[in-house]
Amino acid sequence: MSDSTKYLLPEDRIPRAWYNIVADLPKPLPAVLHPGTGKPVGPDDLAPLFPMQLILQEVSAEREIEIPEPVRDAYKLWRPAPLFRARRLERALDTPARIFYKYEGVSPPGSHKPNTAVPQAFYNREAGIRKLSTETGAGQWGSSLAFAGGLFGLEVRVYMVKVSYQQKPYRRALMETYGATCIASPSTETQSGRAILAAHPDSPGSLGIAISEAVEIAATHADTNYALGSVLNHVLLHQTVIGIEAIEQMEMAGYWPDIVIGCTGGGSNFAGIALPFLGRKLTAGKAVRLIAAEPAACPSLTRGRYAYDFGDTGHLTPLVKMHTLGSAFIPPGFHAGGLRYHGMAPLVSHIKELGLIEARAVRQLPCFEAGVAFARAEGIVPAPESTHAIRVAVDEALRCKAEGVAETILFNLSGHGHFDMQAYTDYFADKLEDRDYDETSLADSLAALPQVAA
């Protein structure tokens, strides 16, 4: 087996097609429903928000979808992303486990999000669109779409969850550096935002609220489309470049992972690393455990109900069947802002219901503990979101130590934490706490789920 620390692919190994697991699922996805009619949505229903090429990808059952050359050319700025073996972390944990991580923080904005921001900007430009509106939590998605908009000459307007807007000023500055406009959400710019502020003047915001604002702007301005950084099928599809590359790099290392781990908020980076491996399991019988690591303060997969729900708080989106805490659920303001979403991607929810993946909820302080241990061993300061995957990887490595087994663990390090150092400062000053969601609020939110006929 290879004794290398990093495994690099040349530019000509950038994937030429995204992998669509829908083609290999044992059971099809539930339909997306129009909230007014209760009928499945069609392309015309989505046309006010998305270009037709993305709509076709959203509903495609083709196993592979070709990546346009202008997108592959932009990918060359950071792809293929490196795979590392965390040998120093293995030694620090004194574990027989082999730990690998795919590092997506090498992209210009510092996360996995440009994998979908670039194609979304490209397809919108090709459709004649010149303006995009979107939401962001921690700012990784907002800065990535700002970056992609700059590449393809698009104006980008970002509604950033207010608590993250306040916690992460450098993410906001990065968006502005790339040329985007960043607004704290809820804002007074939209009807959705004004309604929230009227009821809750001190609202910290949520991704559901920010989505409502961004969708409203796109729906009411003919020159503007909406772009989403997670949840939707086409977004998860674009992220599969991560796992496609990782499969080839694990072959270079001489190992097949026993366990693949990714953090989950909306589901995009978990899907990016996990779905290509799941595809090999479904089509070639290659055994692998797939673990989605989510925050205990916003546990859609482990505490949410599998039901039809709106993707946003203002109920402007279609109804999708997913694991949800209810569209009215507002999680506490923990630092992993990219994971503060009430629902989980329908595709990730579906494969969880089929028993093809596991889910584990982890708390903020143990995640930061693992993130610091990783930084001290491997040198990379992880984004707060990524520490959830690291926590589960460390726990699995310690289990291997206790059981005396040498399993191979792969996790997705979805971004660096260079813009999140205040969170680490607060952690070292004992200012971070494990904040729990309110059980009564969760019950009320679930009770308000829309009634959809079977």
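Provided above is the structure to which this section pertains.
Residues numbered from 1 in each chain as written. Predicted model: local features only at pLDDT ≥ 70, side-chain atom pairs only at ≥ 80, totals over all residues. Heavy atoms only, no water.

As for helix α2 (residues 52–59)
Stage number 1. Considered for burial, the residues of α2 that qualify are Leu54, Ile55, Gln57 and Glu58. Mapping the buried residues of α2 onto a view down its axis gives an arc of 160 degrees, with all of them on the same face.
Stage number 2. Of the surrounding elements, those touching the buried residues of α2 are β2 (17–19), α1 (43–46), β3 (64–66), α5 (114–126) and α11 (233–239). (Buried < 20%, exposed > 50% of the residue type's maximum accessible area, 1.4 Å probe, protein only. Helix = DSSP H or I, 4+ residues; strand = E, 2+ residues; numbered from the N terminus. Arc of directions from axis to C-beta. Contact = heavy atoms within 4.5 Å.)

Some remarks on the pairing of strand β15 (residues 408–413)
Stage number 1. Across the six residues of β15, six count as buried, placing the element largely inside the fold.
Stage number 2. Neither face of β15 is exposed, since Thr408, Leu410 and Asn412 on one face and Ile409, Phe411 and Leu413 on the opposite face are all buried.
Stage number 3. The pairing of strand β5 (residues 98–103) with β15 spans six bridges and is parallel. Residue pairing in the sheet places Arg98 in a bridge with Thr408 of β15.
Stage number 4. Summarising the sheet, strand β10 (residues 259–263) and β15 pair through three bridges and their orientation is parallel. Looking at β15, one finds that Val260 is bridged to Leu410. (Pairing = 2+ DSSP bridges.)

Description of the packing of helix α13 (residues 268–284) against helix α15 (residues 346–353)
Stage number 1. Following both chains from N to C, one finds α13 and α15 inclined at 45 degrees, their axes separated by 11 Å at the closest point. In terms of their interaxial angle, α13 and α15 are classed as oblique. Handedness of the α13/α15 crossing: left-handed. Across from Phe270, Ala271, Leu275 and Leu278 in α13, the residues of α15 making contact are Leu347, Val348 and Ile351.
Stage number 2. Considered class by class, the residues forming the contact of α13 with α15 number seven nonpolar, no polar and no charged. (Axes fitted to C-alpha atoms, helices over the stretch in contact; angles between N-to-C directions. Parallel < 35°, antiparallel > 145°, perpendicular 65-115°, else oblique. Left-handed = near helix turned anticlockwise from the far one by under 90°. Nonpolar A, V, L, I, M, F, W, Y, C, P; charged D, E, K, R; others polar.)

Observations regarding the packing of aromatic side chains
Stage number 1. Applying the stated criterion to the full structure yields 17 aromatic pairs.
Stage number 2. What links up through ring pairs into an aromatic cluster is the set Tyr75, Trp78, Phe147 and Tyr178.
Stage number 3. Above the ring of Tyr165, the side-chain terminus of Arg172 is found at 4.0 Å from the ring centroid.
Stage number 4. Of note, Lys286 hangs over the ring of Trp256, and the distance from its end group to the ring centre comes to 4.6 Å. (Phe/Tyr/Trp six-rings, centres within 6.5 Å; stacked < 30°, edge-to-face > 60°. Lys NZ or Arg CZ within 6 Å of the ring centre and 35° of its normal.)

As for the layout of surface pockets
Stage number 1. Volume-wise, the largest pocket comes out at about 690 Å³.
Stage number 2. Lining of the largest pocket is provided by 31 residues; of these, Val32, Glu58, Leu232, Asn233 and Val320 occupy positions nearest its centre.
Stage number 3. Where the lining of the largest pocket is concerned, the elements lending two or more residues are α1, α2, α10 (207–219), α11 and β13 (319–324).
Stage number 4. Ranked by residue count, the leading element in the lining of the largest pocket is α2, at four residues.
Stage number 5. A breakdown of the residues in the lining of the largest pocket according to their chemical character gives 23 nonpolar, six polar and two charged.
Stage number 6. By volume, the second largest pocket is sized at about 270 Å³. (1 Å grid on protein atoms, 1.4 Å probe; cavity = no way out; pocket = protein on both sides within 12 Å on 5 of 7 lines; lining within 4 Å. Points joined across faces, edges and corners; volume = space filled by probe spheres on them.)

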